[in-house]
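# Reading the structure
Residues per chain are reported as follows:
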Amino acid sequence: DPAVTSLFDGGGQTIEIDPRPAVLTIRQPSAPYAVESEGDEVAPGEVAELGVQTFEPFLVSGGQMVLRFNPAVLGGTPTVLMDQRHGKSTYTVTRRRGQIIVRFQSPDASLNTVPGDIIAVQFPTAATAPLGSSSAISIDTTRSYLLNRRGKPIPLRFEAGAISFE
């Protein structure tokens, strides 16, 4: 409730709050976990901040994510990072035309202890991308998976994102 909510920074200055409506979705215990390929809105030629995002904590010991994209919108070599704040992991990256393959392990199964962007991709875009256009970023559902602490596949539901050029 913005009328009765306030935040202050370390110097006592008021921090502006921009409340946004949202929907709370309660997943059935047997339902798959949602994993999204996160998109971005950029000007042509800028670096898009993409990623693979989870929405709730569940322990991951390893896996593979294959991101698919239109190679015509790529303007350079994408950089892949896995932030250790989401859990300890090691990873390898393979780049092929129209895809980025990230293989990873978390021997202590701490990956995704904190949900969010478990894989971040800095994606240079082509300066020739048409303004107002959009290009899908998706997870290859046949080649992407996450493993639980016993090395068994975790049921997942994949959601696609997009790069929008504005």
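What follows deals with unusual backbone geometry. With a phi close to 55°, alanine 109 is a non-glycine residue in the positive phi region. The topology assignment puts alanine 109 in the loop between strand S9 (99-105) and strand S10 (117-124). Overall, alanine 109 belongs to the buried group, its relative accessible area being 6%. Its identity is not glycine, yet asparagine 112 carries a phi of approximately 75°, on the positive side. By secondary structure assignment, the location of asparagine 112 is in the loop between S9 and S10. What makes asparagine 112 buried here is its relative accessible area of 0%.

Quick look at the sheet that holds strand S7 (residues 79-81) now. Strand order across the open sheet formed by 5 strands is S7-S10-S5-S3-S13, with mixed pairing between neighbours. One side of each edge strand has no neighbouring strand; the edge strands of this open sheet are S7 and strand S13 (156-159). The average undirected angle you get between the axes of adjacent strands in this sheet is 15°. Pairing analysis gives 7 bridges linking strand S5 (residues 47-54) to S10, with the strands arranged antiparallel. Counted as the bridge partner of valine 47 is proline 124 from S10.

Relative to the elements of secondary structure, arginine 27 occurs in the loop between strand S2 (14-15) and strand S3 (33-38). Taking the relative accessible area as the measure of exposure, arginine 27 reaches 25% and is therefore partly exposed. In this structure the C-alpha to C-alpha distance between arginine 27 and glutamate 56, which are 29 residues apart in sequence, comes to 10.0 Å. Apart from the residues within four sequence positions on either side, arginine 27 is in contact with Pro32, Tyr33 and Glu56. Here tyrosine 33 takes part through its side chain, which lies 3.4 Å from a polar atom of the side chain of arginine 27. Of note is the side chain of arginine 27, whose polar atom sits 2.9 Å from the side chain of glutamate 56.

Our focus in this paragraph is the pairing of S3. S3 sits mainly inside the fold: 5 of its 6 residues count as buried. In terms of strand pairing, S3 meets S13 through 4 bridges, oriented parallel. Within S13, the residue paired with tyrosine 33 across the bridge is leucine 156. Direction of pairing for S3 relative to S5: antiparallel, over a ladder of 4 bridges. Within S5, the position partnered with serine 37 by the bridge is valine 52.

Cut-offs applied
- Numbers given to residues run from 1 along each chain, matching the order in which its sequence is written.
- The model is predicted, so local features are restricted to residues of pLDDT at least 70 and side-chain atom pairs to those at 80 or more, both for listing and for counting; the totals for chains, interfaces and linings are taken over all residues.
- As a convention, hydrogens and water are excluded, and side-chain values are obtained from all of the structure's heavy atoms.
- Each helix is a run of H or I in the DSSP string that is no shorter than four residues. Each strand is a run of E no shorter than two, and both are numbered from the N terminus.
- With a 1.4 Å probe rolled over the protein chains alone, any residue whose accessible area is under 20% of its type maximum counts as buried; one over 50% counts as exposed, and the rest are partly exposed.
- If DSSP finds at least two bridges between two strands, the strands pair.
- Axis angles are defined between N-to-C directions and span 0 to 180 degrees, where every axis is a line fitted to C-alpha atoms and, for a helix, only to the segment in contact.
- Any two residues having at least one pair of non-hydrogen atoms within 4.5 Å are treated as being in contact.
- N or O atoms closer than or at 3.5 Å make up a polar contact, with two conditions inside protein: a donor-capable atom paired with an acceptor-capable one, and, for residues adjacent in sequence, both atoms drawn from side chains.

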